[in-house]
Amino acid sequence: MPDFIPLNIAVLTVSDTRSEADDTSGRALVERLEAAGHRLAAKAIEPDDIYRIRARVSGWIADPDVHVVITTGGTGVTGRDGTPEAIQVLLDKEIEGFGEVFRMLSYEEIGTSTLQSRALAGVANATYVFCLPGSSGACRTGWDRLIQQQLDIRTRPCNLAQLIPRLRE
């Protein structure tokens, strides 16, 4: 079994109302990624504005030292929810199964309300991007039950972390 390889992960909270003082979702992701042995590359809060979201994430995916970007918030269906629209155009490849599995896991916890989640993931410029809903519960579910294992090179039979060297092929 290979040794654990820590990844550099940037976290973006998308919210018109949150600040660092009350950003429980972003904080939950940072705590979890650090507890798993990864490094926080950057953290920011942007309002529900697709161009500001896109600009922030574009900067991170252009940085060769950032391996993963995780966003929280803006994945619902209201008029201000635009994270999927901001991110989807940046993706070279979408990982369709991420949203499907996230909603399956979420269904176990919140039932049919999971239909309102437009969680998605993909690869942009050899960087993994995961978009989670804004609730801290959704962030815990996404990290604890899905993302953490896929970013751990020791997960078998396969994981996303082992593919990082091949993403630029």
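Residues numbered from 1 in each chain as written. Predicted model: local features only at pLDDT ≥ 70, side-chain atom pairs only at ≥ 80, totals over all residues. Heavy atoms only, no water.

> What is the right way to look at the sheet that holds strand 2 (residues 39–46) in this model?
Strand-to-strand pairing in sheets goes through backbone hydrogen bonds, with the strands running parallel or antiparallel. As summarised here, the arrangement of the six strands in space is 2-1-3-6-5-4, forming an open sheet in which the pairing is mixed. Unpaired on one side and paired on the other, strand 2 and strand 4 (93–94) mark the two borders of the sheet. Its contacts with the sheet put helix 1 (residues 24–35) on strand 1 (8–14), strand 2, strand 3 (68–72) and strand 6 (127–132), and the angle it makes with strand 2 is roughly 175°. Here helix 5 (residues 136–150) sits on the sheet in contact with strand 1, strand 3 and strand 6, set at roughly 140° to strand 6. (Pairing = 2+ DSSP bridges. Helix = DSSP H or I, 4+ residues; strand = E, 2+ residues; numbered from the N terminus. Contact = heavy atoms within 4.5 Å. Axes fitted to C-alpha atoms, helices over the stretch in contact; angles between N-to-C directions.)

> Is there a simple way to explain the pattern of salt bridges in this structure?
Between side chains of opposite charge, a pair can form as their charged atoms come close. Counted according to the given criterion, the structure contains 11 salt bridges. Salt-bridge contacts for K43 lead to E20; the nearest nitrogen and oxygen are separated by 3.2 Å. Separated by 23 residues along the polypeptide, K43 in strand 2 and E20 in the loop between strand 1 and helix 1 bring together distant segments of the chain. The salt bridge partner of R56 is E46, with a shortest N-O separation of 2.7 Å. Of the two residues, R56 sits in helix 2 (residues 50–62) while E46 sits in strand 2, which places them 10 residues apart along the sequence. (Salt bridge = Lys/Arg side-chain N within 4 Å of Asp/Glu carboxyl O.)

> Hey, could you run me through the pairing of strand 1 in this one?
Here is the key point about a regular strand: its side chains alternate between the two faces of the sheet. Across the seven residues that make up strand 1, a large majority, seven, are buried. Burial along strand 1 is two-sided: the residues N8, A10, L12 and V14 and I9, V11 and T13 are all buried. Summarising the sheet, strand 1 and strand 2 pair through seven bridges and their orientation is parallel. Residue pairing for strand 2: T13 is matched across the bridge by I45. (Buried < 20%, exposed > 50% of the residue type's maximum accessible area, 1.4 Å probe, protein only.)

> Any chance you could explain the packing of helix 1 against helix 5 here in plain terms?
Helix-helix packing: each pair is described by the crossing angle between the helix axes and the interaxial distance. For the pair helix 1 and helix 5, interaxial distance at closest approach is 8 Å and the crossing angle is 25°. Put simply, helix 1 runs roughly parallel to helix 5. Where helix 1 crosses over helix 5, the two elements pack in a sense that is right-handed. When helix 1 is examined against helix 5, the residues T24, S25, L29, R32 and L33 are found in contact with a partner set consisting of S136, C139, R140, W143 and D144. For the contact of helix 1 with helix 5, the per-class residue count stands at four nonpolar, three polar and three charged. (Parallel < 35°, antiparallel > 145°, perpendicular 65-115°, else oblique. Left-handed = near helix turned anticlockwise from the far one by under 90°. Nonpolar A, V, L, I, M, F, W, Y, C, P; charged D, E, K, R; others polar.)

> Help me out: how do you make sense of helix 5 in this one?
Spacing of three or four residues puts side chains on the same side of an α-helix, whose turn is 3.6 residues. Compared with the 21 Å implied by 1.5 Å per residue over 15 residues, the 20 Å span of helix 5 between its first and last C-alpha is a close match. In the structure, helix 5 departs most strongly from a straight axis at W143, where the bend amounts to approximately 45°. Considered for burial, the residues of helix 5 that qualify are A138, C139, T141, G142, W143, L146 and I147. On the buried face of helix 5, the contacting elements are strand 1, helix 1, strand 3, helix 4 (96–110) and strand 6. (Expected span 1.5 Å × (residues − 1). Bend = angle between axes of the 7 residues up to and from the residue.)

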